[in-house]
Amino acid sequence: MENIYDYTMPTFIKLLGGLKGVLAKATEHRLDEGKLLQDRLAPDMFPLVKQVQVATDQAKGASARLSGMEAPKFEDTEATVAELQARIDKTIEFIQSVPQSAFAGAGERQITISYFPGKFMTGFDYARDYAIPNFFFHISMAYALVRKNDVPVGKADFMNGLPLQDLEVTEAI
């Protein structure tokens, strides 16, 4: 793919916006916030708070790695939904601050990740096989945890809108 930016960054921004909206719906239901943020789908899975933290880390990390920039460091200290929403906002702001031109040649960049010592992936492989799937996984788990707590969210909330356009109507003669 020629332009990695086009199939990564807008998706990260869009789905992070959807996650922020899902979290907003959770607050409208006056759930015990502490309990919600620590809820898990299974004992060996991350709680909601960590799912959101990792999703934002994936998005900002991918933006930084693919553009050759340094990712901002976020402390994992969020204890409220509002703080998680602020983290999402900071992540989106960072992604939007990276110029699209910085992604030139990103597909061929050697991307290293500390927990795969001595290994690298091309930027293309990293985006396709690591960053995007991990991002979707953690966004999905966060969504599922909110849904598990009886907040009426659906696929439309997750997807955060579609770029639908009106069909051109032509009159038949």
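Structure: above.
Described in the following lines is the structure provided in the data block. None of these values were measured; they are calculated from a predicted model.

Let us now look at the packing of helix α1 (residues 4-28) against helix α4 (residues 81-97). For any two helices packed against each other, the geometry comes down to the angle between their axes and how far apart the axes lie. α4 packs onto α1 with a crossing angle of 165 degrees between their chain directions and a minimal axis gap of 10 Å. Overall, the two elements α1 and α4 adopt an arrangement that is roughly antiparallel. As for the relative orientation of α1 and α4, their crossing is left-handed in sense. Residues Met9, Phe12, Ile13, Leu16, Gly17, Leu19, Lys20, Leu23, Ala24 and Thr27 of α1 form the contact with α4, whose participating residues are Val81, Leu84, Gln85, Ile88, Asp89, Thr91, Ile92, Ile95 and Gln96. Per-class residue counts for the contact of α1 with α4 are 12 nonpolar, 5 polar and 2 charged.

The next point concerns the environment of Ile132. With respect to the helices and strands, the residue Ile132 is situated in helix α5 (residues 123-148). The sequence separation of Ile132 and Asp57 amounts to 75 residues, and the corresponding C-alpha distance is 12 Å. Residues contacting Ile132, with those up to four places away along its chain left out, are Tyr7, Thr8, Phe12 and Ala127.

What follows deals with the packing of aromatic side chains. According to the stated counting rule, one finds 8 aromatic pairs in the structure shown. On the basis of an interplanar angle of 65 degrees and a centroid distance of 4.7 Å, the ring pair of Phe12 and Phe135 is categorised as edge-to-face. Within this pair, whereas Phe12 is found in helix α1, its partner Phe135 is found in helix α5, the two being separated by 123 residues in sequence. Of the two residues, Phe12 and Phe135, both sit in the buried class. Between Tyr126 and Tyr130, the ring centres sit 5.8 Å apart and the planes meet at 25 degrees, which makes this aromatic pair stacked. Taken together, the residues span about one helical turn, with Tyr126 and Tyr130 both in helix α5 at a distance of 4 residues. Both residues of the pair, Tyr126 and Tyr130, belong to the buried class. Counting every residue linked through ring pairs, the aromatic cluster contains Tyr115, Phe116, Tyr126 and Tyr130. Sitting over the face of the ring of Phe74, Lys60 holds its NZ or CZ atom 4.7 Å from the ring centroid. When the ring centre of Phe74 is taken as reference, the NZ or CZ atom of Lys90 above it lies at 4.3 Å.

Turning our eyes to something else, we now look at helix α3 (residues 48-67). An ideal rise of 1.5 Å per residue puts 28 Å on 20 residues; α3 measures up with 29 Å between its terminal C-alpha atoms. Here α3 lies mainly inside the structure; 17 of its 20 residues are buried. Positioned one or two residues after α3, Gly68 has a phi angle of 80 degrees, which is positive.

Along the chain, Ala144 turns up in helix α5. Take Ala144: its relative accessible area is 23%, and that puts it in the partly exposed class. C-alpha separation for the pair Ala144 and Lys20, spaced 124 residues apart in sequence, amounts to 14 Å.

Time to look at the packing of α3 against α5. Between α3 and α5, whose axes approach to 8 Å, the crossing angle comes to 160 degrees. Taken together, α3 and α5 sit at an angle that is classed as roughly antiparallel. Between α3 and α5 the crossing geometry is left-handed.

Grouped together as the largest cluster of nonpolar side chains are 48 residues, with contacts concentrated most on Leu23, Leu48 and Leu66. Contributions of two or more residues to this core are made by α1, α2 (33-38), α3, α4 and α5. Excluding anything up to four places from it in sequence, Leu48 contacts Leu23, Leu36, Leu37, Asp39, Ala142, Leu145 and Val146.

Summed over all chains, the structure comprises 11 salt bridges. When the shortest N-O distance is used, the salt bridge between Glu78 and Arg87 registers 3.1 Å. Comparing Glu78 with Arg87, the two get one shared label, buried. Note that Arg128 and Asp125 form a salt bridge whose closest N and O atoms lie 3.1 Å from each other. Linking Arg128 with Asp125, this pair stays in helix α5, spanning 3 residues, or about one helical turn. Given a relative accessible area of 27%, Asp125 falls into the partly exposed group. Through salt bridges with shared partners, a single ionic network connects Lys50, Asp57, Lys60, Asp76, Glu78 and Arg87.

Cut-offs and rules
Residues numbered from 1 in each chain as written. Predicted model: local features only at pLDDT ≥ 70, side-chain atom pairs only at ≥ 80, totals over all residues. Heavy atoms only, no water. Axes fitted to C-alpha atoms, helices over the stretch in contact; angles between N-to-C directions. Helix = DSSP H or I, 4+ residues; strand = E, 2+ residues; numbered from the N terminus. Parallel < 35°, antiparallel > 145°, perpendicular 65-115°, else oblique. Left-handed = near helix turned anticlockwise from the far one by under 90°. Contact = heavy atoms within 4.5 Å. Nonpolar A, V, L, I, M, F, W, Y, C, P; charged D, E, K, R; others polar. Phe/Tyr/Trp six-rings, centres within 6.5 Å; stacked < 30°, edge-to-face > 60°. Buried < 20%, exposed > 50% of the residue type's maximum accessible area, 1.4 Å probe, protein only. Lys NZ or Arg CZ within 6 Å of the ring centre and 35° of its normal. Expected span 1.5 Å × (residues − 1). Core = buried A, V, L, I, M, F, W, Y, C linked by side-chain atoms within 4.5 Å. Salt bridge = Lys/Arg side-chain N within 4 Å of Asp/Glu carboxyl O.

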